Amino acid sequence: MFQRNWNALFSISGELPEERSHTLIAENKNHISQGIYGERQKGYFNVADIFGENVFNDAVMQERLPKKTYKKLREVIEEGKELDPETADVVAHEMKEWAIEKGATHYTHWFQPLTGVTAEKHDSFITAPMPNGKVLMSFSGKELIKGEPDASSFPSGGLRATFEARGYTAWDCTSPAFVRQDAAGATLCIPTAFCSYTGEALDQKTPLLRSMEAINTQSLRLLKLFGNTTSKKVTPSVGPEQEYFIVDREKYLKRKDLIFTGRTLFGAMPPKGQEMDDHYFGIIRERIAAYMRDVNKELWKLGVSAKTQHNEVAPAQHELAPIYSEANVAVDHNQLVMETLKKVAGR
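Keep in mind it's a predicted model, so treat the numbers as computed, not measured.

Scoring rules and cut-offs
Residues numbered from 1 in each chain as written. Predicted model: local features only at pLDDT ≥ 70, side-chain atom pairs only at ≥ 80, totals over all residues. Heavy atoms only, no water. Helix = DSSP H or I, 4+ residues; strand = E, 2+ residues; numbered from the N terminus. Expected span 1.5 Å × (residues − 1). Buried < 20%, exposed > 50% of the residue type's maximum accessible area, 1.4 Å probe, protein only. Contact = heavy atoms within 4.5 Å. Salt bridge = Lys/Arg side-chain N within 4 Å of Asp/Glu carboxyl O. Core = buried A, V, L, I, M, F, W, Y, C linked by side-chain atoms within 4.5 Å.

Observations concerning helix H7 (residues 205–225)
- Taking 1.5 Å as the rise per residue, H7 with 21 residues should run 30 Å; its terminal C-alpha atoms sit 30 Å apart, in good agreement.
- All buried positions along H7 are accounted for by Lys205, Thr206, Leu208, Met212, Asn216 and Leu220.
- Those residues of H7 that are buried lie in contact with strand E9 (185–196), strand E14 (325–326) and helix H11 (327–345).
- Backbone geometry just downstream of H7 places Gly227 in the positive-phi region, at approximately 95°.

Next comes the structure, spelled out in structure tokens:
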């Protein structure tokens, strides 16, 4: 999960819109910028205004939750205390109301099975129709805390037989829920762990959370040996940079190796020296810069701290790097980065 992704491959569809051409027109000795420069001015936004706007983060919880409920939830997140049903119901209700205000009609337990990608099952907020034919929008604490997707078709590493289909998702309250907006509308995504009835890990998150807890326990033990008796918690952090290739869709469709394997299997041998030094950290082309701008905007809305972007060594290779964050949050964000890179490239 923390390795560089050297093989990410995305294609940009369609031609560069006419309004994004970079034409400069001189009229009456006044230079008028048109095309992409005009688009930038019209599409200006303040990052601070949009950052995390689709995330049920600490600021939102402080604003919407009763003080008593907020305090209990913080204790669960920071100290690992048990979440009682009453607190879960209040959190679920406010999370649902917030998501509906964002246009959400469904929620999903968003998890990371052993497939290399994320998985989700969508359920709407509606209840069974009442006698008058109307429905209510409902989301309980039980639905927030636990889900039961069919686990028979997910890889298990040989832990159990295929017919043993039962699997459970459990809310990871240390990673904030978010609303994802796409062609399906808006969906409340709740980061969860995925495990079997007997506790075997069926995903990538469960071992990560267990390892973080082990690091915390042993690090505190070592700190006490060195005389540090005031530290309460040790948290590992990570900043997984994402390196990717962008290929024009028309050219991509002509290459069966790219379509079927996601990498080049034939063609010119790659350079082994410093032949591409002019591309590395070079000026980013306008079309690529526009793509990066759209990616950053989507990520900032989801609370992903996309920080650095530049041309990489190989032709059409680029890099996106976030600010370091808590390990499990960083891994969730890395999945969002890969999903967003693919989604925006297809526009």
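Notes on the pattern of salt bridges
- Within this structure, the stated rule accounts for 14 salt bridges.
- For the salt bridge of Glu97 with Lys96, the shortest nitrogen-to-oxygen distance reads 3.0 Å.
- According to the relative accessible area criterion, Lys96 is buried, its value standing at 5%.
- Its salt-bridge partner being Lys205, residue Asp172 comes within 2.8 Å of it at the nearest N-O pair. Of the two residues, Asp172 sits in the loop between strand E7 (167–171) and strand E8 (178–182) while Lys205 sits in helix H7, which places them 33 residues apart along the sequence.
- Overall, the relative accessible area of 2% leaves Lys205 in the buried class.
- Among the ionic contacts, a cluster of salt bridges with common partners joins Asp58, Arg74 and Glu78.

Comments concerning helix H10 (residues 286–301)
- A rise of 1.5 Å per residue sets the reference length of H10, with its 16 residues, at 22 Å; its end C-alpha atoms lie 23 Å apart and thus fit the reference within 8%.
- Buried residues dominate H10, accounting for twelve of its 16 residues.
- Glu286, Ile288, Ala290, Tyr291, Met292, Asp294, Val295, Asn296, Glu298, Leu299, Trp300 and Lys301 are the residues of H10 that are buried.
- After H10 finishes, the residue Gly303 shows a positive phi value of roughly 80°.

Focus on the nonpolar core
- Residues Leu73, Met95, Phe139, Leu144, Trp171, Leu188 and Ile190 are the most contacted members of the largest nonpolar core, which totals 27 residues.
- Of all elements in the fold, only helix H3 (58–64), helix H4 (67–79), helix H5 (85–101), strand E4 (104–110) and E9 reach the threshold of two or more residues within this core.
- With six residues, H5 is the single largest residue contributor to this core.
- Not counting the four nearest positions on each side in its chain, Trp171 is found in contact with Leu73, Leu83, Val91, Met95, Leu144, Ile145, Ile190, Pro191 and Thr192.

Details of unusual backbone geometry
- You will see that Phe281, though not glycine, has its phi angle at about 60°, which is positive.
- Among the secondary structure elements, Phe281 is positioned in the loop between helix H9 (256–261) and H10.
- Unlike most non-glycine residues, Ala316 shows phi in positive territory, near 70°.
- Summarising the element assignment, Ala316 is placed in the loop between strand E12 (306–311) and strand E13 (317–322).
- Overall, Ala316 belongs to the partly exposed group, its relative accessible area being 26%.

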